[in-house]
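Chain residues, written in single-letter form:
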Amino acid sequence: MSREQLQTLTEPMYYLLLAMRKPRHGYDAMQYIEHVTKGRVHIGAGTMYALIARFEKEKILCQKAEEGRRKIYGLTPKGEKLLRDEISRLFRMLADAQAVAEEAEQDEN
Amino acid sequence: MKIDEKRVWLPYRITEPKQLEQYFEQMAEEGWHPESVGKYTAKFRRGKPRKLRYCVDFTEIRRDEEELQRYTTLCADAGWRFRLRAQEGWLLFFTKDASLTPLQTDDKLALRNFQKAFRRSILDNSSLLILWAIWTLLDLGFGVGKGSKVRILSGWNTMVELFCLLLFVLVLLFLAVNAATGIVGYLAAGRAMKKGTPIPEISRKTARWRVIRRRAMLWSCGVLLGLSILYDAWAGNIRPQAEQWIAMALGAAVFVGGFFLKKKWLDRMARKIAWGVGIFFFALGLVMAYPLYRMEPVDFGTEAPVVQAEELLPGAEVRTHTSEYGRTPLYERWEVYESGSVQVGEDEYQSVTVSYTAYRACSRRITKRLAWEEAETIRQIFSSTSRRDLDWPVEEAYLVGDFALILRDGNGVISYFLAGDDPEQYRKILLQKMEMLNTEQ
């Protein structure tokens, strides 16, 4: 995972940030993502662990509590900003796509 | 009686993770479940035949046990149960659920972890090669400008030593070939993972040959070592007495018996005991030389004549000791011979042969060995940090009549042998040399 990838998040990264708006442990986040995406996005346990480790190192996630061998993570202020920026970027992309689609529709008519 | 445990050669390696998984799945179907996995072998325990799905996982976690437990807990929550950590660092998980989400769903991340794991594995496998390269470089480095050149074969005097030299070359060759084929496999696997295509697989025939090759190499080494020992015994190189022959023959018989009878009569523990007893008696047969040499004078004939050791006392007074030079199987040695010359007169040079002997044994044992020869320490003629023209720190010095000045430090021995027709002349040179060193001290 190169540094550039963090500036534009991959799908699993984006959903992980989304899941961690509420403090959760890794498996909880995996289940949440499957539920939110209605089974479209699956993240393997190995990938989830590596993503969390990477985000923790980048101070995007931080440990909030511990339940036995499970660490519970939540977003840091940096992580919250990253998620907000990503959501607004996605909104802009969607708006652009809608505008292009409308233009195409008008051209057809 | 059924065998509950077995160790087998692994037909696949780290660059063939999918085939490794299939291999473990096939073994599980036959009722064999892995307990530990080394670089080349794996240990299985008999259990119920089960249809399992295995996953070879390359993780970044190395030595942090707490972190590993957290990771395996997360995997267990997701349905993957941790089985073991292989010697090469990768983890083995299994599940009964054939449709479970794989552990790694990010191809780039999986590729990066695979590359890291492989690099570590290559480093581990190459450690002997690196040591050998360093040794060679150092040796060449020391040789340059000093006119010395290592001639390894000049030092061997038993078949076992020759075999060990051959084995050393074979092991290096094995490691080099293994590393080269591993790198080829790694590059192919890396390219496939990058493209998202399946990792190239080796055929079943190739995998089977890989196992046969390794097994054959190990057994031929064992047989050749045994034959070398027997040859040395027959040729008088290790000179076993009747007691030694009995102990060694008994040991060999029990050991070989333990192997051939294992499937029918012996269970795992009994076989281990048989092998342990066999090795013990065989080793005992070899080690018995130690007290036997001490108890009985050994006739070395013309190979190793009785020599005179002369102790140099203050005031150039000389005391003579008679010693018997013997060989013992308790250590091995490597020797290097150099030829050079020393200046005798203003324009006159005398040839001299320097023999450097490095013993693969502790210095205490060498001191003991030298004590057997009754060549007493003269005294410390110069400090251990002194190098002077010898370029060698010295703790003890011996003047052996007619042919040599022997100096010892730790487990290294250096000897100056003079060559030529006039021993008396050379003896004088040696005495002068010692006098000179004494004066400098």
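## Here's the deal with the confidence of the model for chain B
Residues and elements named next belong to chain B. Model confidence for chain B is summarised by a mean pLDDT of 66, while 49% of its residues fall at 70 or above. For chain B, the element scoring lowest by mean pLDDT is strand β7 (residues 307–313), at 43; strand β6 (residues 91–95) scores highest, at 94. Overall, residues 139–156 carries pLDDT values under 50, and its contacts beyond four positions in sequence, including any with other chains, amount to 22 contacts. Overall, residues 321–340 carries pLDDT values under 50, and its contacts beyond four positions in sequence, including any with other chains, amount to 69 contacts. Across the predicted assembly, pTM comes out at 0.59 and ipTM at 0.86.

## Looking at the interface of chain A and chain B
Between chain A and chain B, the residue contacts involve 17 residues of the former and 19 residues of the latter. Looking at the side of chain A that touches chain B, the element that brings in the most residues is helix α4 (residues 45–57) of chain A, giving 6 residues. Of the residues in the side of chain A that touches chain B, the class split is 9 nonpolar, 5 polar and 3 charged.

## A few points about the pairing of β6 of chain B
All names here are of chain B. Across the 5 residues that make up β6, a large majority, 4, are buried. Sheet analysis places strand β4 (residues 53–57) next to β6, joined by 5 bridges and oriented antiparallel. Pairing of Cys55 across the sheet is with Phe93, part of β6. With 4 bridges joining them, strand β5 (residues 81–85) and β6 adopt antiparallel strand pairing. Among the inter-strand pairings, Phe82 is bridged to a residue of β6, identified as Phe93. Connecting the antiparallel pair β5 and β6 is a turn made up of 5 residues, with Gly89 showing a positive phi of about 105°.

## Here's the deal with the packing of α4 of chain A against helix α2 (residues 65–77) of chain B
The interhelical angle for the contact between α4 of chain A and α2 of chain B, taken along N-to-C directions, is 135°, at an axis separation of 9 Å. Between α4 of chain A and α2 of chain B, the interaxial angle falls into the category oblique. For α4 of chain A against α2 of chain B, the interelement crossing comes out right-handed. Of the residues in α2 of chain B, those in contact with Ala45, Met48 and Tyr49 of chain A of α4 of chain A are Tyr71, Leu74 and Cys75 of chain B. Broken down by class, the residue content of the contact of α4 of chain A with α2 of chain B amounts to 6 nonpolar, no polar and no charged.

## As for the nonpolar core
By size, the foremost hydrophobic cluster in this structure holds 56 residues, and its most contacted members are Leu16, Met20, Ala45 and Met48 of chain A together with Cys75, Leu92 and Phe93 of chain B. The element best represented in this core is α4 of chain A, accounting for 7 residues.

## Some words on the sheet that holds strand β1 (residues 5–9) of chain B
Residues and elements named next belong to chain B. An order of β1-β3-β2 is seen for the 3 strands of this open sheet, with the pairing classed as antiparallel. Strands with a single pairing partner mark the edges of an open sheet, and in this sheet they are β1 and β2 (32–37). Shown here is a sheet whose adjacent strand axes are inclined to one another by a mean of 35°, direction ignored.

## Some points on the environment of His42 of chain A
The residue His42 of chain A is located in the loop between α3 (26–36) and α4 in this model. Expressed as a C-alpha distance, the spacing of His42 of chain A and Pro12 of chain A, which sit 30 residues apart in the sequence, is 8.3 Å. What His42 of chain A contacts, discounting residues up to four positions off in sequence, is Glu34 of chain A together with Thr101 and Thr105 of chain B.

## Concerning helix α2 (residues 11–19) of chain A
Listed in full, the buried residues belonging to α2 of chain A are Met13, Tyr15, Leu16, Leu17 and Ala19 of chain A. Structurally, α2 of chain A contributes buried residues whose contacts are with α3, α4, β2 (70–75) and α5 (77–108) of chain A.

## Digging into α2 of chain B
Residues three or four positions apart in an α-helix share a direction because the helix packs 3.6 residues into each turn. With 13 residues, α2 of chain B ought to run about 18 Å at 1.5 Å a step, and its terminal C-alpha atoms sit 18 Å apart, in line with that. Residues Arg70, Tyr71, Thr72, Leu74 and Cys75 of chain B constitute the buried set of α2 of chain B. For α2 of chain B, the elements touching its buried residues are α3, α4 and β2 of chain A together with β5 and β6 of chain B. Looking one or two places after α2 of chain B, you find Gly79 of chain B, whose phi comes out positive at around 105°.

## Details of the confidence of the model for chain A
On average, residues of chain A carry a pLDDT of 88, and 94% of them reach 70 or more. Contacts for the low-pLDDT stretch residues 1–5 of chain A, under 50 throughout, to residues beyond four places or in other chains number 4 contacts.

The rules behind these values
- Residues numbered from 1 in each chain as written.
- Chains lettered and ligands numbered in written order.
- Predicted model: local features only at pLDDT ≥ 70, side-chain atom pairs only at ≥ 80, totals over all residues.
- pLDDT = per-residue confidence, 0-100.
- Helix = DSSP H or I, 4+ residues; strand = E, 2+ residues; numbered from the N terminus.
- Contact = placed C-beta atoms within 7 Å.
- Nonpolar A, V, L, I, M, F, W, Y, C, P; charged D, E, K, R; others polar.
- Buried ≥ 20, exposed ≤ 12 C-beta atoms within 10 Å, placed from the backbone.
- Pairing = 2+ DSSP bridges.
- Axes fitted to C-alpha atoms, helices over the stretch in contact; angles between N-to-C directions.
- Parallel < 35°, antiparallel > 145°, perpendicular 65-115°, else oblique.
- Left-handed = near helix turned anticlockwise from the far one by under 90°.
- Core = buried A, V, L, I, M, F, W, Y, C linked by C-beta atoms within 7 Å.
- Expected span 1.5 Å × (residues − 1).

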